[in-house]
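Geometric and topological summary
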Amino acid sequence: MQPIFGNVAVVGTGAMGRGIAQMATQAGATVWLLDTQPGAAEAARTALEGTWNALVAKQRLTPEAAADCCARLRIATGMADLSVCDLVVEAIVERLDVKQKVFAELEGIVGPDAVLATNTSSLSVTAIAAALKRPQRFAGWHFFNPVPLMKVVEVIAGLKTDAAVCQRLDAFARAFGHTPVMAQDTPGFIVNHAGRGYGTEALRIVGESVADFATIDRILKDQLGFRLGPFELMDLTALDVSHPVMESIYHQYYEEPRYRPSVITAQRLAGGVVGKKVGEGFYRYTDGKAEVPAEPPVPGGAGRPPVWVSPKAARRAELYQLLKDLGAVIETGAAPSADALILVAPLGLDVTTLAAVERLDATRTVGIDLMLEDAAVKRRVLATNPATRPDMRDAAHALFARDGKAVSVVRDSGGFVSQRVAATIVNIAADICQQGICTPADLELAVTLGLGYPMGPLALGDRIGPTNVLEILFNLQTVYGDPRYRPSPWLRRRGALGLSLKHEEA
Ligand code: NAI
């Protein structure tokens, strides 16, 4: 079968260009490598030959197929060699002026029907295309590193891109086993835009001294199922990569508060404490392994006061059952006795506000996060308020650890940790849908494949309940008075109507 593109050029044969060349070759195209750095294209070919030999050794490729790939990989001696190509993919330095110049030159060399594509991750596709005579044939084709393993690619239409061009890039990506998602040309496209919530909200929580970064990592992995905590992830990506992305998207959206970066990463970047690759980020690394601070122990010798639950607690019946299972003495009176530990379970509000509004004795009041059902999480999270007595804090910690489940105690903050982070992720995702950047289905695919989240952000919102997410955000706005928590209209309407966040209007 003829490949969708018979002759493909890859301009810029660094980390990304190599990966794209590998895929295009494996899909049956003849691939031309071009790089301005002397020897770079040859080095890329040698590396790719090594990759194919390794795939043969692992029996993932037949020796014939590998030999065929090697034979179809060519080195271009100059741009003129690319005249035969019906697709040119650019993966050079991330500079608008340089990319525009390369494409303007290419336009004069390739045939009239050739497709031109950029792998830019942060520049506007429309802006790059503005230098072209025929911007209709130009699109973004944004892969992730490492290309062969990250099996998603964003296909980005600029303002003037022909839909047929996107369709051909879509089909070609499918031919080599990638999942294409269609995105409008907006800052960060889908994946880098949707990824703004996780790290930035975690940084704000750390910045308020609600919990240390290792505790936040533990909570988000054990409660929401993330494979890596946000600080582990930032250490892996390295702040010299991720902090500029945070700043770029924030500024490109004209200082939209939802994307506001953190002074913590700015300072760490300035100090060179950027992550695993330099041996120190949020964690220290010895032989590539993180030194994780020990978890605070369950307090020994804590008292066992009777427990009274606020009538306004989330999942109240479930909480009673849990307390019963843990062997607690439960008080069922209209008000707590003088000795009781008082439990509240807020959605978005802080423990302090609830204690004040419900006229509870704050010294004995502790909050528990019941956004998700207890059986679904591997860790319980409790929050004190500034007045909570240490004996009451320790009694609550010991009580909820009685069955062996991990417990973290954090300081008061609207929405504990998971509620804040989850609501922020869901809200940004909802706004991506509201802006029409992509379909809800493509958003879910892009985030699960491109960011490795345990579920798509809209599915996460549906899991929590859109109405609950809305309540968390409204309450976070009350606690913080910060416009970053204002709900996207997409979430607000679906939450108010009890509709799934994936619901698209007729
Ligand atoms: P890299 O630095 O590994 O490779 C870039 C290559 O382009 C180098 O070999 C360089 O010699 C060559 N080059 C520079 N100017 C050139 C020109 N005018 N003509 C021909 N070759 C030229 O960079 P990397 O990481 O492969 O990134 C390339 C592009 O891909 C950038 O636009 C980047 O934003 C984008 N990207 C990078 C990702 C990553 O994780 N590294 C992820 C997604 C996109």
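Scroll up for the structure.
These notes cover the structure that comes with them.

A separate point is the sheet that holds strand 1 (residues 7-11). The strand order across the open sheet formed by 8 strands is 3-2-1-4-5-6-7-8, and the pairing between neighbours is mixed. The open sheet has two free edges, formed respectively by strand 3 (73-75) and strand 8 (179-184), since each of these has just one partner strand. Neighbour to neighbour, the strand axes of the sheet diverge by 25° on average, direction disregarded. As paired elements, strand 1 and strand 2 (residues 30-34) share 5 bridges and run parallel to each other. Paired with V10 across the strands is L33, a residue of strand 2.

For soluble globular proteins, nonpolar side chains are generally found buried alongside one another. With 126 residues, the main nonpolar core has L82, F231, F400 and L443 as its most contacted residues. With 10 residues, the top contributor of residues to this core is helix 16 (residues 418-434). Apart from the residues lying within four places of it in its own chain, the contact partners of F231 are A202, L203, V206, F213, I216, D217, F282 and Y283. Counting residues in each nonpolar core, the second largest holds 40 residues, with V10, I20, V31 and C69 among its members.

Glancing now at the packing of aromatic side chains. Any two aromatic rings considered together are summarised by their centre-to-centre distance and by the angle between their planes. Under the counting rule described, the total for this entry stands at 16 aromatic pairs. With 5.4 Å between their ring centres and 80° between their planes, F172 and F176 make a pair best called edge-to-face. For F176, a relative accessible area of 10% gives the class buried. For the cation-ring pair, R484 lies above Y485, with the distance from its terminal atom to the ring centre recorded as 5.8 Å. One cation-aromatic arrangement involves R494 over W490; the distance from NZ or CZ to the ring centre is 3.5 Å.

Across the sheet, which stays open at both edges, the 6 strands sit in the order 12-11-13-14-15-16 with mixed pairing between neighbours. Because the sheet does not close on itself, it has two edges, and the strands there are strand 12 (330-331) and strand 16 (406-410). Pairing analysis gives 3 bridges linking strand 11 (residues 307-309) to strand 13 (residues 341-344), with the strands arranged parallel. When the bridges of strand 13 are listed, W308 appears paired with I342. Most of the contacts of helix 13 (residues 316-325) go to strand 11, to which it runs at about 170°, and overall it touches strand 11, strand 12, strand 13, strand 14 (365-368) and strand 15 (379-383).

Burial analysis of strand 6 (residues 138-142) places 5 of its 5 residues in the buried class, which makes it a mostly covered element. What you see with strand 6 is no split at all: F138, G140 and H142 on one side and A139 and W141 on the other are buried throughout. Sheet topology note: the strand 5 (residues 115-118)/strand 6 ladder contains 3 bridges and is parallel. Within strand 6, the position partnered with L116 by the bridge is F138.

All right, on to unusual backbone geometry then. The omega torsion of the bond from N145 to P146 falls at -5°, within 30 degrees of zero and hence cis. Here P146 lies in the loop between strand 6 and strand 7 (152-157). Although it is not a glycine, A238 adopts a positive phi angle of roughly 80°. The topology assignment puts A238 in the loop between helix 10 (230-237) and helix 11 (239-252). By relative accessible area, which is 1% here, A238 ends up buried. For F416, which is not glycine, the phi torsion reads 50° and is therefore positive. For F416, the location among the structural elements is in the loop between strand 16 and helix 16.

Next up on the list: the site of the ligand. Near the ligand lie 20 residues; those nearest to it are M16, D35, E94, K99 and N119. Taking M16, its main chain carries an N or O atom lying 2.8 Å from an oxygen atom of the ligand. Considering the ligand on its own, with 830 Å² of exposed area, one finds that the protein chains cover 72% of that surface. Broken down by secondary-structure element, the contributors of at least two residues to the shell around the ligand are helix 1 (15-26) and helix 4 (96-107). Among the elements that make up the shell around the ligand, the one with the highest residue count is helix 4 (3 residues). By residue class, the composition of the shell around the ligand is 9 nonpolar, 8 polar and 3 charged.

Reading guide: rules and limits
Residues numbered from 1 in each chain as written. Predicted model: local features only at pLDDT ≥ 70, side-chain atom pairs only at ≥ 80, totals over all residues. Heavy atoms only, no water. Pairing = 2+ DSSP bridges. Helix = DSSP H or I, 4+ residues; strand = E, 2+ residues; numbered from the N terminus. Axes fitted to C-alpha atoms, helices over the stretch in contact; angles between N-to-C directions. Core = buried A, V, L, I, M, F, W, Y, C linked by side-chain atoms within 4.5 Å. Buried < 20%, exposed > 50% of the residue type's maximum accessible area, 1.4 Å probe, protein only. Contact = heavy atoms within 4.5 Å. Phe/Tyr/Trp six-rings, centres within 6.5 Å; stacked < 30°, edge-to-face > 60°. Lys NZ or Arg CZ within 6 Å of the ring centre and 35° of its normal. Near = heavy atom within 4 Å. Polar contact = N/O pair within 3.5 Å; in protein donor to acceptor, adjacent residues only side chain to side chain. Areas by Shrake-Rupley, 256 points an atom, 1.4 Å probe, with all protein chains shown as cover. Nonpolar A, V, L, I, M, F, W, Y, C, P; charged D, E, K, R; others polar.

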